[in-house]
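One-letter residues, chain by chain:
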Amino acid sequence: MKSMTSSQRSEMMLNAPIRQVIPKMAVPTIISMLITNIYNMADTFFVSQIGTSASGAVGVIFSAMAIIQAISFMIGMGCGTNISQALGAGDEERANRFASTAFFTAFLTGIVIAFLGLTNIDRIVRFLGSTETIAPYAKDYATYIFYAAPFMMCSFVMNNLLRYEGLAMYGMVGITTGGILNMVLDPLFIFGLGLGTAGAAIATALSQCVSFGILLTMCNTKPDAISIRPSNFRPSLSIYGRIIYNGFPSLGRQGIASIATILLNNTAGAYGDAAIAAMSIVSRFILFINSSVIGFGQGFQPVCGFCYGAGKYSRVREAFWFCVKVTTVLLIALGGVSLLLSQQIVTLFRRDDPLVIEIGTLALRLQLCTIPLWGFITMSNMFTQSIGYGVRATIISISRQGIFLIPSLLILPRLFGLRGIQIAPPLSDALTFLLSFAIVWGILGQLKRMPDKQPS
């Protein structure tokens, strides 16, 4: 991958066998996603050893981190879609302008988020769902996360840009290095230095800064990567319009997910810190399983964008169905094993609290029943986004968390109490699958009727 020229990379994207090129593109992104979610779970694991309230604090602040990530992904994927299509069409100047616009926009946005977060931290932790006992831990954790916001956002953006260029291996190096460092620093800062939940946040912040440095070096020193240059930062309404149009599905998906998480924390808070902690543990573990699917889909996206930009529509359809089949089989295998070990998984995080184990085990089992549907859902979202179907991609992206989960959390707990909270996520998965299928089936039919463009 490192020695490939732009023309060689385009040739691979447009003509290499799908069964070879997508796994080749996906392996680095899968590793990046797994490492990211492993160190997220490491934060939950180590902080959970402090107590149930501390464990709940990580879950509460995770929604704030998800909002930061959502904005970053909107910028990164919005630019990335345009970059891959520009490279597929041979327009490198346009790709350079989008890349630099993405980086500097993310950094400036991160500064604004850090300022607003640090000056309103008390109100924010309450809004995110902290109880009286969780709030002190949440403030300690959130403070350092906000300090690192500009570097976190740029890291997410650069990782996405490299991936859409077909250079996911470079992104993997930066993300993996930061993730491993985070896992090493967590126990050192939390227990060795006695910093508690603040120690976990400091470890995360430092690790994100290290990832930032590595990714920026990769972008600006590798000859096959698009460089980040202030001279190419020439923002315009047209560029931002394309970023928002193509990136809004990511913001919708993750932004609505953050709102749903906030609602989940507030709803679960009525049943005590144990309910918040349990649902936080389950959410982190489900996200970990699905990270391999997201990573595989991120390997699919640059291939999809390149091929669509080059008018190779039959190859786009072939790539989509290949990814759906692979990820569904993977999820059935991972979900089946996790279902058998669900109680042991929750116990691993909070063995000293039987109520957390009881609530979390049932919630995990219910969510694992519908997790095989995530293969089709995730690929549908990434497919529609990569070919520029922004409105339909947004509908799919917000359906699970916004159209279905939020109403479920408002209605089901009133009818079934805590059990309603546990039922809401898997019910939303099933309804999202049906909606995604209806949308994507129509688009695939349109592509089937479009003849491939012949190379000039």
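Refer to the structure presented above.
Computed from a predicted model, the values in this text were never measured in an experiment.

**Some words on the overall build of the chain**
And step 1. A tally of regular secondary structure across the chain gives 17 helices and zero strands.
And step 2. A compact globule built from 456 residues should have a C-alpha radius of gyration of about 23 Å, and the chain, at 21 Å, falls within 12% of that.
And step 3. By its C-alpha atoms, the chain is 65 × 45 × 35 Å across when sized along the principal axes.
And step 4. Residue burial in the chain is summarised as follows: out of 456 residues, 61% are buried.
And step 5. In the form shown here, the chain has an accessible surface area of approximately 17,100 Å², with 67% of it arising from carbon and sulfur atoms.
And step 6. If the 30 positive side-chain charges of the chain are averaged to one point and the 18 negative ones to another, these points end up 9 Å apart.

**Side note on the side chain of Ser211**
And step 1. You can see Ser211 is positioned in helix α9 (residues 196–221).
And step 2. The residues contacting Ser211, other than those within four sequence positions of it, are Ser155, Gly174, Ile175 and Gly178.

**Digging into the packing of helix α11 (residues 273–309) against helix α14 (residues 354–370)**
For any two helices packed against each other, one specifies the inter-axial angle together with the distance between the axes.
And step 1. Where α11 contacts α14, the two axes come as close as 8 Å, and the packing angle between them is 35°. Considering the relative orientation of α11 and α14, their crossing is right-handed. Facing Ala274, Ala275, Ala277, Ala278, Met279, Ile281, Val282, Phe285, Ile286 and Ile289 of α11, the residues of α14 in contact are Leu355, Val356, Ile359, Gly360, Ala363, Leu364, Gln367 and Leu368.

**Structural notes on the environment of Ile281**
And step 1. With respect to the helices and strands, the residue Ile281 is situated in helix α11.
And step 2. Residue class for Ile281 comes out buried when judged on its relative accessible area of 1%.
And step 3. A sequence separation of 196 residues divides Ile281 from Gln85, and the C-alpha atoms of the two residues are 39 Å apart.
And step 4. Residues within four places of Ile281 in sequence aside, it is in contact with Thr44, Ser55, Phe349, Arg350 and Val356.

**Points about the pattern of salt bridges**
And step 1. On inspection of all chains with the given rule, the structure shows three salt bridges.
And step 2. A salt bridge links Lys139 to Asp122; its shortest N-O distance comes to 2.9 Å. Remark: Asp122 occurs in helix α5 (residues 121–127) and Lys139 occurs in helix α6 (residues 135–147); sequence separation between them is 17 residues.
And step 3. The salt bridge partner of Arg126 is Glu132, with a shortest N-O separation of 3.2 Å.
And step 4. For Arg126, a relative accessible area of 37% gives the class partly exposed.

**Some words on the state of the cysteines**
Working definition: the covalent bond between the sulfur atoms of two cysteines is a disulfide.
And step 1. Counting across every chain of the model gives zero disulfides.
And step 2. Looking at the unpaired Cys209, the closest cysteine sulfur is the one in Cys154, lying at 11 Å.
And step 3. Residue classification places Cys209 among the partly exposed positions, given a relative accessible area of 32%.

**Observations regarding the environment of Asp224**
And step 1. Summarising the element assignment, Asp224 is placed in the loop between α9 and α10 (237–268).
And step 2. The sequence separation of Asp224 and Glu165 amounts to 59 residues, and the corresponding C-alpha distance is 9.1 Å.

**Considering the nonpolar core**
And step 1. Membership of the largest hydrophobic core comes to 133 residues, with the highest contact counts inside it found for Ile22, Phe300, Phe320 and Phe383.
And step 2. For this core, the element with the highest residue contribution is α11, accounting for 19 residues.
And step 3. Sequence-distant contacts of Phe300, defined by excluding residues within four places in its chain, comprise Ile22, Val316, Ala319, Phe320, Cys323, Met379, Met382 and Phe383.

**A closer look at the side chain of Thr378**
And step 1. Secondary-structure assignment places Thr378 in helix α15 (residues 374–386).
And step 2. Looking at Thr378, its side chain comes within polar contact range of the main-chain oxygen of Trp374, at 2.8 Å.

**Overview of the packing of α6 against α9**
And step 1. The geometry of α6 relative to α9 is characterised by a closest axis approach of 8 Å and an angle of 15° between their N-to-C directions. Viewed along their axes, α6 and α9 adopt a mutual orientation that is roughly parallel. Helix-helix and strand crossings are classified by hand; for α6 and α9 the assignment is right-handed. Touching Tyr137, Asp140, Tyr141, Tyr144 and Ile145 of α6 are Thr197, Ala198, Ala200, Ala201, Ile202, Thr204 and Ala205, all from α9.
And step 2. Residue composition of the contact of α6 with α9, by class: nine nonpolar, two polar and one charged.

**With respect to helix α12 (residues 313–340)**
And step 1. Taking 1.5 Å of rise per residue, the 28 residues of α12 would be expected to cover 40 Å, and the 41 Å separating its terminal C-alpha atoms lies within 8% of that figure.
And step 2. Those residues of α12 not exposed but buried are Tyr313, Arg315, Val316, Ala319, Phe320, Phe322, Cys323, Val324, Thr327, Leu331, Gly335 and Ser338.

**Considerations on helix α17 (residues 418–448)**
And step 1. The terminal C-alpha atoms of α17, which comprises 31 residues, lie 46 Å apart, in line with the 45 Å expected from a rise of 1.5 Å per residue.
And step 2. Considering bend angle alone, the principal kink of α17 is centred on Ala424 and spans about 35°; proline Pro425 follows within four residues of it.

**A closer look at a nonpolar patch on the surface**
And step 1. On the surface, Leu410, Ile411, Leu415, Phe416, Ile423, Leu427, Leu431 and Leu434 cluster together into a nonpolar patch covering about 730 Å² of accessible area.
And step 2. Going through the elements one at a time, α16 (390–416) and α17 are the ones with two or more residues in the nonpolar patch.
And step 3. For Leu415, the location among the structural elements is in helix α16.
And step 4. Residue class for Leu415 comes out exposed when judged on its relative accessible area of 58%.

**Concerning the packing of aromatic side chains**
And step 1. Summed over all chains, the structure comprises 19 aromatic pairs.
And step 2. Centre to centre, the rings of Phe285 and Phe288 are 6.3 Å apart; their planes meet at 40°, and the pair counts as tilted. Note that Phe285 and Phe288 are positioned in helix α11 at a spacing of three residues, about one turn of the helix.
And step 3. Taking the centre distance of 6.3 Å and the plane angle of 45° together, the rings of Trp321 and Phe376 count as tilted. Separated by 55 residues along the polypeptide, Trp321 in helix α12 and Phe376 in helix α15 bring together distant segments of the chain.
And step 4. Among the residues examined, Phe376 registers a relative accessible area of 7% and is labelled buried.
And step 5. Taken together through their ring pairs, the aromatic side chains of Phe320, Trp321, Phe376, Phe383, Phe433, Phe437 and Trp441 make up a single cluster.

How each quantity is defined
- Residues numbered from 1 in each chain as written.
- Predicted model: local features only at pLDDT ≥ 70, side-chain atom pairs only at ≥ 80, totals over all residues.
- Heavy atoms only, no water.
- Helix = DSSP H or I, 4+ residues; strand = E, 2+ residues; numbered from the N terminus.
- Rg over C-alpha atoms; globule rule 2.2 N^0.38 Å.
- Buried < 20%, exposed > 50% of the residue type's maximum accessible area, 1.4 Å probe, protein only.
- Areas by Shrake-Rupley, 256 points an atom, 1.4 Å probe, with all protein chains shown as cover.
- Lys, Arg positive; Asp, Glu negative; His and termini not counted.
- Charge placed at Lys NZ, Arg CZ, Asp CG, Glu CD.
- Contact = heavy atoms within 4.5 Å.
- Axes fitted to C-alpha atoms, helices over the stretch in contact; angles between N-to-C directions.
- Left-handed = near helix turned anticlockwise from the far one by under 90°.
- Salt bridge = Lys/Arg side-chain N within 4 Å of Asp/Glu carboxyl O.
- Disulfide = S-S within 2.5 Å.
- Core = buried A, V, L, I, M, F, W, Y, C linked by side-chain atoms within 4.5 Å.
- Polar contact = N/O pair within 3.5 Å; in protein donor to acceptor, adjacent residues only side chain to side chain.
- Parallel < 35°, antiparallel > 145°, perpendicular 65-115°, else oblique.
- Nonpolar A, V, L, I, M, F, W, Y, C, P; charged D, E, K, R; others polar.
- Expected span 1.5 Å × (residues − 1).
- Bend = angle between axes of the 7 residues up to and from the residue.
- Patch = residues over 30% accessible without salt bridge, like charges linked within 9 Å, V, L, I, M, F, W, Y side chains within 5 Å.
- Phe/Tyr/Trp six-rings, centres within 6.5 Å; stacked < 30°, edge-to-face > 60°.

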